[in-house]
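Geometric and topological summary
Below, each chain spelled out in residue letters.
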Amino acid sequence: MSEDPFVAHRSLLFTVAYEMLGSAADAEDVLQESWLRWAGVDRAQVRDPRGYLVRTVTRQALNRLRTMSRRREEYVGEWLPEPLLTSPDVAEDVELAESVSIAMLTVLETLGPTERAVFVLREVFEVPYEEIAEAVGKSAAAVRQIARRAREHVAARRPRVAVSRAEQQAVVERFLAALRTGRLQELLDVLAPDVVLIADGGGLAGAAPAPVHGAAIVAQLLARPDRVVSAVWLNGELAGRIEMDGRPAAVSLVVADGKVTRIHAVANPHKLTRMDEPAELSR
């Protein structure tokens, strides 16, 4: 008996939903809703199961995106995407790793729902414009225009300086080593002067309520010797897991010119439930 197409493409479908939503929990809900719809379909009428399922997941994710806006507005403090534990293999697919990075997902948050869906499907998964049009309920010509605007929007907001994987890992390792010692000067040495710290506690864990700017104040906040710090792979990049007084946090970094320019720290316990088993991501 051949494997059900939904099962065969599940990692792809999860990746599509996660990139559109920035939340693994919501992505799983979307997959459940999509499965229920798939279960009622006459499979003999579906010529391209993969394409059909991607479109179904896209529609369900769009519906959820449009209902999530109020939840985000009422969120306590800064909102960051839910981090995912990933295997080092995800980093081998450079385009996939970049697309699921916390930095990129944060940029995608600034797009409208339709723009985000179009960008993800076209730029990450290379879905034809005609199929995207069917998924989002627009004409192919309109989708081309939306894709162009979304590309320009993302390009203006994503990190401008690309670094090699080796440089990224080296800086992350220096940063984590400085965190372990808790020494102020070691942290200052690895932070860019204009570094920004964005922390997400969701009102459930201690976190700065707004972005913190500048190496001096960021280093002061981080210079604590009573932490357990370990390196982990999150969202396709080397990152950090920090535990203090039994409370965990996930930390991902943006690097440029050998320094940390942006720190994303997630301490909301509801967003740290996927830190024990690597997520299966694919294109």
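Our structure's up above, just so we're on the same page.
Conventions and cut-offs
- Residues numbered from 1 in each chain as written.
- Predicted model: local features only at pLDDT ≥ 70, side-chain atom pairs only at ≥ 80, totals over all residues.
- Heavy atoms only, no water.
- Buried < 20%, exposed > 50% of the residue type's maximum accessible area, 1.4 Å probe, protein only.
- Helix = DSSP H or I, 4+ residues; strand = E, 2+ residues; numbered from the N terminus.
- Pairing = 2+ DSSP bridges.
- Contact = heavy atoms within 4.5 Å.
- Axes fitted to C-alpha atoms, helices over the stretch in contact; angles between N-to-C directions.
- Phe/Tyr/Trp six-rings, centres within 6.5 Å; stacked < 30°, edge-to-face > 60°.
- Expected span 1.5 Å × (residues − 1).
- Arc of directions from axis to C-beta.
- Polar contact = N/O pair within 3.5 Å; in protein donor to acceptor, adjacent residues only side chain to side chain.
- Parallel < 35°, antiparallel > 145°, perpendicular 65-115°, else oblique.
- Nonpolar A, V, L, I, M, F, W, Y, C, P; charged D, E, K, R; others polar.
- Core = buried A, V, L, I, M, F, W, Y, C linked by side-chain atoms within 4.5 Å.
- Salt bridge = Lys/Arg side-chain N within 4 Å of Asp/Glu carboxyl O.

**Examining unusual backbone geometry**
- Of note in this structure, Glu126 is not a glycine but carries a positive phi near 55 degrees.
- For Glu126, a relative accessible area of 59% puts it in the exposed group.
- Phi at Asn235 is positive, roughly 50 degrees, even though this residue is not glycine.
- As for its placement among the helices and strands, Asn235 is situated in the loop between β3 (228-234) and β4 (237-244).
- Given a relative accessible area of 0%, Asn235 falls into the buried group.

**With respect to the sheet that holds strand β2 (residues 212-213)**
- Reading across the sheet, the six strands line up as β2-β1-β6-β5-β4-β3 and stay open at both edges, with mixed pairing between neighbours. Looking along the sheet, the strands with just one partner apiece sit at the ends: β2 and β3.
- One ladder, built from two bridges, connects strand β1 (residues 191-200) with β2; its direction is antiparallel. The residue of β2 that forms the bridge with Leu197 is Val212.
- Together, β1, β3, β4, β5 (247-256) and β6 (259-266) form the strand contacts of helix α10 (residues 165-181), whose direction differs from that of β3 by roughly 160 degrees.
- Relative to β1, helix α12 (residues 215-222) is tilted by about 50 degrees, and along the sheet it contacts β1, β2 and β6.

**Concerning the packing of aromatic side chains**
- Under the criterion given, the structure shown has three aromatic pairs.
- Geometrically, the ring pair formed by Phe6 and Trp35 is edge-to-face, given 5.3 Å between the ring centres and 65 degrees between the ring planes. Taken as a pair, Phe6 in helix α1 (residues 5-8) and Trp35 in helix α3 (residues 24-39) lie far apart in primary sequence, 29 residues in all.
- By relative accessible area, which is 6% here, Phe6 ends up buried.

**Points about the environment of Met68**
- Tracing the chain through its elements places Met68 in helix α4 (residues 49-73).
- Met68 sits 99 residues away from Glu167 along the chain, and the two C-alpha atoms are 36 Å apart.
- In contact with Met68, other than residues within four places in its own chain, are Leu21 and Asp26.

**Brief notes about α3**
- Here α3 is 16 residues long and its end C-alpha atoms lie 22 Å apart, about the 22 Å a rise of 1.5 Å per residue gives.
- The set of residues buried in α3 consists of Ala24, Asp26, Ala27, Val30, Leu31, Ser34 and Trp38. The arc that holds every buried residue of α3, seen down its axis, measures 150 degrees, which confines them to one face.
- Turning to α3, the residues buried within the fold contact α1, α2 (10-21) and α4.
- Structurally, the start of α3 carries an N-cap: the backbone nitrogen of Ala25 is 3.5 Å from a side-chain oxygen of Ser23.

**Here we look at the packing of helix α7 (residues 113-124) against helix α9 (residues 140-157)**
- Where α7 meets α9, the closest approach of the two axes is 9 Å, and the angle between their N-to-C directions is 90 degrees. Viewed along their axes, α7 and α9 adopt a mutual orientation that is roughly perpendicular. Between α7, through Thr114, Glu115, Val118, Phe119 and Glu123, and α9, the contact on the second element is made entirely by Val143, Ile146, Ala147, Arg149, Ala150, Arg151 and Val154.
- For the contact of α7 with α9, the per-class residue count stands at seven nonpolar, one polar and four charged.

**So, the side chain of Thr58**
- Tracing the chain through its elements places Thr58 in helix α4.
- Not counting residues within four places of it along the chain, the set of residues in contact with Thr58 comprises Val16, Met20, Ala117, Leu121, Ala135 and Val136.

**Overview of the nonpolar core**
- Core analysis: the biggest nonpolar cluster contains 50 residues, and Phe14, Met20 and Leu108 have the highest contact counts within it.
- Those elements that provide at least two residues to this core are α2, α3, α4, α5 (94-100), α6 (102-108), α7, α8 (129-136) and α9.
- Top contributing element to this core by residue count: α2, with eight residues.
- Contacts of Met20, omitting those with residues within four sequence positions, involve Thr58, Ala61, Leu62, Leu65, Arg116, Ala117 and Val120.
- Counting residues in hydrophobic clusters, the runner-up holds 28 residues, among them Phe175, Ala178, Leu222 and Ile263.

**Let's talk about the pattern of salt bridges**
- For the structure shown, the criterion picks out 22 salt bridges.
- The residue Arg43 makes a salt bridge to Asp4 at a minimum N-O spacing of 2.9 Å. Taken together, the residues span a long stretch of sequence, with Arg43 in the loop between α3 and α4 and Asp4 in the segment before α1 at a distance of 39 residues.
- One salt-bridge network, held together by shared partners, links Asp26, Asp29, Glu33, Arg64 and Arg71.

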